[in-house]
Each structure stands twice: as C-alpha cells, then as structure tokens.
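# Remarks on the overall topology
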Amino acid sequence: MSGDGATKQNYHDEYFPQTLAVLQNHVDYLVHELDEAYIRMEDQSFISSVDEEDDDNSNSHPRLPLISRHNNTVRGILELVKRYLDGMTSY
C-alpha cells in the first residue's frame with residue numbers, strides 16, 4: 001500500500017466509525033473501572049477510620065492516598081480523551 005494514498009484514505013473512511021466506537025467503549029470501560037476502584041478505596045478508608053483506635057487491626061493500605069491521587073489524574077486524562085473522541089463523531 002506504499003504510496004497509494006487513495007486506498008489508505010478509503011480504509012480510513014470505511015473503518016473509522018468502528019475504530020472510534022471501540023476507542024470510546026474502551027475509555028468508558030476504564031472510567032467505570034476507576035469509579036469502581038474509588039468506591040472500593042472509600043470502603044477501605046471507612047474500615048480504617050473505624051479501626052484507628054486499634055492500630056493492629058487497621059486494614060488501610062499505606063499508599064491509598066497516593067493511589068487515589070494517581071487514579072484521579074488518570075481519570076481526568078481519560079475525561080479529556082473522551083471529550084476529544086466524542087467530538088470526532090461528527091467526522
């Protein structure tokens with residue numbers, strides 16, 4: 001296909017809607033997974049706050065705040081990607 005721009009463009013035109021849909025589904029799935037992780041982390045935080053009086057029983061992971069900040073950053077990036085992909089539906 002080297003040098004055959006028209007054929008390449010035809011492939012892009014034909015498969016772009018399917019590719020876009022798969023990317024949008026993937027981003028939606030990742031955002032959903034991050035939301036689920038956030039819920040689990042909140043549950044973990046609740047458990048640790050209940051057990052704070054007894055340090056030996058604390059179930060909280062020591063890196064939970066770092067993981068939460070990382071997930072929030074990734075979620076923000078995915079939201080930007082989602083908006084960008086949603087804007088491509090008009091092509």
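Up top is the structure these notes are about.
Anyway, here's the lowdown on the structure attached to this text. (Residues numbered from 1 in each chain as written. Predicted model: local features only at pLDDT ≥ 70, side-chain atom pairs only at ≥ 80, totals over all residues. Heavy atoms only, no water.)

## Regarding the overall build of the chain
Rule in force here: By definition, any uninterrupted DSSP run of H or I lasting at least four residues is a helix, any uninterrupted run of E lasting at least two residues is a strand, and each is numbered from the N terminus. The cut-offs for exposure are 20% and 50% of the maximum accessible area for each residue type, with area from a 1.4 Å probe on protein chains only; residues under the lower value are buried, those over the upper are exposed, and the others partly exposed. Whether two residues are in contact is decided by their heavy atoms, any of which lying within 4.5 Å being enough. The Shrake-Rupley method, run with a 1.4 Å probe, gives the accessible areas here. Residue values count only the displayed protein chains as cover.
If you tally the helices and strands in the chain, you get two helices and zero strands. Residues classed as buried in the chain amount to 15% of the 91 residues present. Nonlocal contacts in the chain, meaning residues at least 24 apart in sequence, comprise 63% of its contacts between residues at least 6 apart. Only carbon and sulfur atoms are counted for the fraction: they give 55% of the accessible area of the chain, which is about 7200 Å².

## Thoughts on the packing of aromatic side chains
The criterion, for reference: Classification of ring pairs uses Phe, Tyr and Trp, with its six-membered ring standing for Trp, and accepts pairs whose centres are within 6.5 Å; under 30 degrees between planes counts as stacked, over 60 as edge-to-face, and the remaining range as tilted.
Enumeration over the complete set of coordinates arrives at one aromatic pair. Taking 6.3 Å as the distance between ring centres and 20° as the angle between the ring planes, the aromatic pair formed by Tyr11 and Tyr15 counts as stacked. Here Tyr11 pairs with Tyr15, and both are found in helix α1 (residues 5-50), just four residues apart, close to one helical turn. When its relative accessible area of 41% is taken as the criterion, Tyr15 is described as partly exposed.

## Quick word on the pattern of salt bridges
For side chains of opposite charge, pairing can occur when their charged atoms come near one another. Threshold: For this document, the term salt bridge refers to a Lys or Arg side-chain nitrogen within 4 Å of an Asp or Glu carboxyl oxygen.
Inspection of the entire model under this criterion finds four salt bridges. For the salt bridge of Lys82 with Asp86, the shortest nitrogen-to-oxygen distance reads 3.7 Å. One end of the pair is Lys82 and the other is Asp86, both in helix α2 (residues 64-87) and four residues apart, which spans about a single turn. The partly exposed category is assigned to Asp86, whose relative accessible area is 36%. What you see here is one network of salt bridges that share partners, running through Asp28, Lys82 and Asp86.

## Section: the nonpolar core
Counted only if it meets this: Residue types Ala, Val, Leu, Ile, Met, Phe, Trp, Tyr and Cys, when buried and joined through side-chain atoms within 4.5 Å, form a set referred to as a nonpolar core.
Membership of the largest hydrophobic core is limited to seven residues, which are Leu20, Val27, Val31, Leu34, Leu78, Leu85 and Met88. Sorting the residues of this core by element identifies α1 and α2 as the ones contributing at least two each. Considering every element that reaches this core, the biggest residue donor is α1, with four residues. Those residues in contact with Leu20 that sit more than four places away from it in its chain are Leu85, Met88 and Thr89.

## Remarks on the side chain of Asn71
Put simply, the rule is: Pairs of N or O atoms are called polar contacts if they sit within 3.5 Å, as long as, within protein, a hydrogen donor faces a hydrogen acceptor (for residues adjacent in sequence, only side-chain-to-side-chain pairs).
Tracing the backbone shows Asn71 in helix α2. Given a relative accessible area of 14%, Asn71 falls into the buried group. A polar contact of 3.4 Å, which involves the side chain of Asn71, links it to the side chain of His70. Not counting residues up to four positions away in its chain, the partners in contact with Asn71 are Leu34, Ala37 and Met41.

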